[in-house]
Amino acid sequence: MSFYNKKIVLASHLWLKEHLDDPNLVILDTRPKVAYMYGHIQNSISLTVEQVIKINQHGAHLVPDPEFCAELFGSIGIDETKTVVVAGESMDPSVARIAWTLDYLGHPDIKILDIGIATWQNLGFQMARAQKKLPATEFVPKPRPEIRIESDDLKDSLGKITILDARSPQEFFGGHIPGAILSPFTDGLGQNGFVFDTKESLESLYAEKIPKDKEIVCYCMHGHRASSLFYQLKISGYENVRLYDGSFIDWYSKRLPLE
């Protein structure tokens, strides 16, 4: 059933509607637990962003240790044979952060549902209240450092790479990493319930800011909005993109330079 292709970020809602009962599919619902309990896509499993981050003493939201992730994802039935579709609300970057976490841990077949769950419901597609539980399996993390960067490496790369700030203009002008370019993640969100804008629109948006051959780092306050930006760039055809998951909170707590 796998439709793995790293260049394909999105899963079509029409495709998902026809594959809800596929035993090799895991659907993750990233909304708050209460919203999940009131109704969710049939056979989906609740997994919130709070479960896939490690908060350090300064409040930075970091990717957890591989051992923790192996236990977490294995316990909900994810292994390398499964296609994982991550779904949530169209404006909520938690969807992208959870997808990026699995991407960073080397899961080979991860996709983001192209519409929000509210839109899925509005289209009259099947919803359920019964909570799905898959048998536990073995998840083997294979971290991909090429899509993540930490503060020391970023500090040493200032002036050599393109840094995109996914926050709002108000946050950006209040202080940002030196040389960063303002690129609010909301600029690339879709309309009418779609999670992202069209590929053509995203390509046009980012072509104005960055050549395709540049090394790019995305950050925001906690790394969630930057995860959305990460995937917007991937959809646009950018290959060399990394997430600074510690983001501004981590950078500021270490008293690193600001503009």
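So, here is what we can say about the structure in this document. Owing to the predicted nature of the structure, the values given are computational and were not obtained by experimental measurement.

Rules of the game
- Residues numbered from 1 in each chain as written.
- Predicted model: local features only at pLDDT ≥ 70, side-chain atom pairs only at ≥ 80, totals over all residues.
- Heavy atoms only, no water.
- Pairing = 2+ DSSP bridges.
- Helix = DSSP H or I, 4+ residues; strand = E, 2+ residues; numbered from the N terminus.
- Contact = heavy atoms within 4.5 Å.
- Axes fitted to C-alpha atoms, helices over the stretch in contact; angles between N-to-C directions.
- Parallel < 35°, antiparallel > 145°, perpendicular 65-115°, else oblique.
- Nonpolar A, V, L, I, M, F, W, Y, C, P; charged D, E, K, R; others polar.
- Buried < 20%, exposed > 50% of the residue type's maximum accessible area, 1.4 Å probe, protein only.
- Lys, Arg positive; Asp, Glu negative; His and termini not counted.
- Salt bridge = Lys/Arg side-chain N within 4 Å of Asp/Glu carboxyl O.
- Left-handed = near helix turned anticlockwise from the far one by under 90°.
- Core = buried A, V, L, I, M, F, W, Y, C linked by side-chain atoms within 4.5 Å.

Further remarks concern the sheet that holds strand β2 (residues 25–29). Ordered in space as β1-β8-β7-β2-β4, the 5 strands form an open sheet in which the pairing is parallel. The open sheet has two edge strands, β1 (10–11) and β4 (44–46), and neither has a second partner. Summarising the sheet, β1 and strand β8 (residues 110–113) pair through 2 bridges and their orientation is parallel. Each bridged residue has a counterpart across the sheet, and for L10 the counterpart in β8 is I112. Packing of helix α4 (residues 94–104) onto the sheet brings it into contact with β2, β7 (83–87) and β8, and relative to β8 it is tilted by some 170 degrees.

Attention now moves to the packing of helix α8 (residues 199–207) against helix α9 (residues 224–235). Their axes nearest at 8 Å, the elements α8 and α9 cross at an angle of 105 degrees. Classified by the interaxial angle, the pair formed by α8 and α9 is roughly perpendicular. Here K199, L202 and Y206 of α8 lie close against α9, whose contacting residues are L229, Q232, L233 and I235. For the contact of α8 with α9, the class distribution of residues is 5 nonpolar, 1 polar and 1 charged.

Next up on the list: the side chain of S228. By the element assignment, S228 lies in helix α9. Contacts of S228, omitting those with residues within four sequence positions, involve P93, A96, F185, L189 and F196.

With respect to the secondary-structure elements, D114 resides in the loop between β8 and α5 (117–122). At 13 Å, K17 is the nearest oppositely charged side chain to D114, a buried residue that forms no salt bridge.

So, on to the packing of α4 against α9. When two helices pack together, their arrangement is given by the angle between the helix axes and the distance between those axes. Remark: α4 packs on α9, axes separated minimally by 8 Å, with the N-to-C direction vectors making an angle of 70 degrees. When the axes of α4 and α9 are compared, the pair comes out roughly perpendicular. Once α4 is placed against α9, the crossing between them reads as left-handed. Residues A96, R97, A99, W100 and D103 of α4 touch α9, and the partners they reach there are H224, S227, S228, F230 and Y231. Class assignment for the residues of the contact of α4 with α9 results in 5 nonpolar, 3 polar and 2 charged.

The next thing to look at is the environment of F139. With respect to the helices, strands and loops of the structure, F139 is situated in the loop between β9 (127–128) and α6 (151–157). Here F139 falls in the buried class, since its relative accessible area comes to 5%. Among all residues touching F139, those that are not within four sequence positions of it are C69, A70, F73, G74, I78, L102, L105 and H107.

We now examine the nonpolar core. Among the nonpolar cores identified, the biggest contains 50 residues, and L28, F73, Y231 and L233 are the most heavily contacted of them. Ranked by the residues each element gives to this core, the list is headed by α4, at 7 residues. Discounting residues that sit within four places of it in the chain, F73 has contacts with L47, V52, I78, T101, L102, L105 and F139. In terms of nonpolar packing, the next biggest core, distinct from the first, is built from 14 residues, I177, A180, Y219 and F248 among them.

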